[in-house]
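Summary of the model geometry
Here are the chains, one letter per residue:
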Amino acid sequence: PQRAVRSLDSALIWNGWAGGKPMAIEAMSGLSMRTLVEAGYRDEALARRLRQIQEGETFLFFDLHSDPDERVNRIDAPEARAEIERQGARLLAHLERTGDPRLAEFRAAWQAFLAQEPR
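We now turn to the structure provided with this report.

Conventions adopted
Numbers given to residues run from 1 along each chain, matching the order in which its sequence is written. Since the coordinates come from a predicted model, pLDDT governs what is reported: local features require at least 70, and pairs of side-chain atoms require 80 or more to be given and counted, while whole-chain, interface and lining totals use all residues. Hydrogens are left out, water is left out, and the side-chain values use all remaining heavy atoms of the structure. Partly exposed residues are those whose accessible area sits between 20% and 50% of the maximum for their type, while under 20% is buried and over 50% is exposed, using a 1.4 Å probe and protein chains only. Runs of E in the DSSP output that reach at least two residues are strands. Runs of H or I that reach at least four are helices, and both are numbered from the N terminus. DSSP-based pairing: two strands are paired if at least 2 bridges between them are found.

The next thing to look at is the pairing of strand E2 (residues 10-15). The buried fraction of E2 amounts to 6 of the 6 residues, a majority that puts the element mostly inside the structure. Every second residue of E2 is oriented toward a common face, with Ser 10, Leu 12 and Trp 14 on one face and Ala 11, Ile 13 and Asn 15 on the other, all of them buried. Inspection of the sheet shows strand E1 (residues 2-6) paired to E2 by 5 bridges, in the antiparallel sense. Within E2, the residue paired with Arg 3 across the bridge is Trp 14.

Here's what the structure looks like:
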């Protein structure tokens, strides 16, 4: 499960599957994926991206002006905290309004995020 909210300036994504069993689909079992994993041993940026795809992160926040390709997760950026909270409130309201079946999971993850001290 994944839910997201976007504006012209930013995107907030919640990955309900993050933290569990690593993501594995058929496309990840071929030569291309093995080559990427091997390259990740030499390139930390690529290794981080692969972890993001395979293991997931519960929340991702992207500044679409400086990062339109959504590669740098700024969820821990103190200067982005107000916008992250605004987008999270928008997403929560949408899930409540639509009776989303993952509402309780999102709410628990969101409350845990809000309880963390900004880094």
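Further remarks concern the pairing of strand E3 (residues 59-63). Burial runs high along E3: 4 of the 5 residues are buried. The sheet contact formed by E2 and E3 spans 5 bridges and is antiparallel. Note on E3: the bridge partner recorded for Leu 12 is Phe 61.

These results come straight from atomic positions and should not be treated as a statement about function.
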